[in-house]
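Letter by letter, the chains look like this.
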Amino acid sequence: MIASEATRRAQLLAGLFELAGPVFENEDEAREILGLIMGLYNDIVGRLQKPRSYGALIDEDVDGTFLWEFWAEGFGKALSLRQEVWAGFDERPDDDPAAVAFRRLGSLAVIARATEENPELYDEMDEGLMREAPEMIAPCVLALHADRIANHGSSPGVDKTGRNDPCPCGSGKKYKKCCLQAQTQ
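Throughout what follows, the structure given in this document is the object of discussion. Quick caveat: nothing in here was measured; it's all calculated off a predicted structure. (Residues numbered from 1 in each chain as written. Predicted model: local features only at pLDDT ≥ 70, side-chain atom pairs only at ≥ 80, totals over all residues. Heavy atoms only, no water.)

Remarks on the nonpolar core
Here comes step 1: In this structure, Trp71, Phe75, Trp86, Leu105, Leu108, Ile137 and Leu144 are the most contacted members of the largest nonpolar core, which totals 28 residues.
Here comes step 2: Looking at this core, the elements that each hand over two or more residues are helix H2 (27-48), helix H3 (68-81), helix H4 (83-86), helix H5 (97-117) and helix H7 (127-152).
Here comes step 3: Ile137 has contacts with Ala56, Ile58, Trp68, Trp71, Leu105 and Leu108, leaving out every residue within four places of it along the chain.
Here comes step 4: Residues Leu34, Met38, Tyr41 and Cys167 belong to the second largest nonpolar core, which totals nine residues. (Core = buried A, V, L, I, M, F, W, Y, C linked by side-chain atoms within 4.5 Å. Buried < 20%, exposed > 50% of the residue type's maximum accessible area, 1.4 Å probe, protein only. Helix = DSSP H or I, 4+ residues; strand = E, 2+ residues; numbered from the N terminus. Contact = heavy atoms within 4.5 Å.)

Some remarks on the pattern of salt bridges
Here comes step 1: Using the criterion set out here, one finds six salt bridges in the structure.
Here comes step 2: Where Arg92 meets Asp147, a salt bridge forms, and the shortest distance between an N and an O atom there is 2.9 Å. Remark: Asp147 occurs in helix H7 and Arg92 occurs in the loop between H4 and H5; sequence separation between them is 55 residues.
Here comes step 3: The shortest N-O distance in the salt bridge between Arg103 and Asp94 comes to 3.9 Å.
Here comes step 4: Residues joined in a network through salt bridges with shared partners are Arg92, Asp96 and Asp147. (Salt bridge = Lys/Arg side-chain N within 4 Å of Asp/Glu carboxyl O.)

Examining the side chain of Asp147
Here comes step 1: Residue class for Asp147 comes out buried when judged on its relative accessible area of 12%.
Here comes step 2: Within the local environment of Asp147, its side chain forms a polar contact with the side chain of Arg92, the two groups lying 2.9 Å apart.
Here comes step 3: What Asp147 contacts, discounting residues up to four positions off in sequence, is Phe89, Arg92 and Ala98. (Polar contact = N/O pair within 3.5 Å; in protein donor to acceptor, adjacent residues only side chain to side chain.)

Quick notes on the packing of aromatic side chains
Here comes step 1: In this structure the tally under the stated criterion is five aromatic pairs.
Here comes step 2: Measuring from centroid to centroid gives 5.6 Å for Trp71 and Phe75, while their planes differ by 10°, and the two rings are stacked. You can see Trp71 and its partner Phe75 sitting in helix H3, four residues apart, about one turn around the helix.
Here comes step 3: Judged by relative accessible area, Trp71 falls into the buried class, the value being 18%.
Here comes step 4: Put simply, the rings of Trp71, Phe75, Trp86, Phe89 and Phe102 pair up and form one aromatic cluster. (Phe/Tyr/Trp six-rings, centres within 6.5 Å; stacked < 30°, edge-to-face > 60°.)

Quick word on the packing of H3 against H5
Here comes step 1: Here H3 crosses H5 at 110°, and the two axes come no closer than 8 Å. With respect to H5, the element H3 is oriented roughly perpendicular. Of H5, the residues touching H3 (which contributes Trp68, Glu69, Trp71, Ala72, Glu73, Phe75, Gly76 and Leu79) are Phe102, Leu105, Gly106, Leu108, Ala109, Ile111, Ala112 and Glu116.
Here comes step 2: Here the contact of H3 with H5 is built from residues that sort into 11 nonpolar, two polar and three charged. (Axes fitted to C-alpha atoms, helices over the stretch in contact; angles between N-to-C directions. Parallel < 35°, antiparallel > 145°, perpendicular 65-115°, else oblique. Nonpolar A, V, L, I, M, F, W, Y, C, P; charged D, E, K, R; others polar.)

Dropping the structure here:
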């Protein structure tokens, strides 16, 4: 959605399950979960096309603070799925808006991973960053998305899957018998 090249939905799901490993009780549960994932994916793609409606999905803790670290950790995992796509951002000028956005989000991903591996580092984090991180994410994502659209064309996922087309989740079934059915339930 924001990488410099579109990532096909099947690649996204393959990467997701490669990292986490799917564990489904049965085929119906797999279809339901894949339908939910694809519904969320399509919702995010739609919101990115209308920037005023986009906001990063960041959970809030019981004390009212935002748990941006989970978002940043997920972003870091997404970077690892297609490292070659992101490599060009390191070579861009320091004042390039997309490069700035990429570096900020990449830094948040590194911090999130470091604090997960060594929780004591969390106490040493700059309080300014802790406050700014949740507000920093959405504008950075929008900057990367705008850069991708400007340099590489339309959004991923806008190519409509026909009811009788193979399901983009890679199940081998027709879309109408797989993720479409799960989305409508």
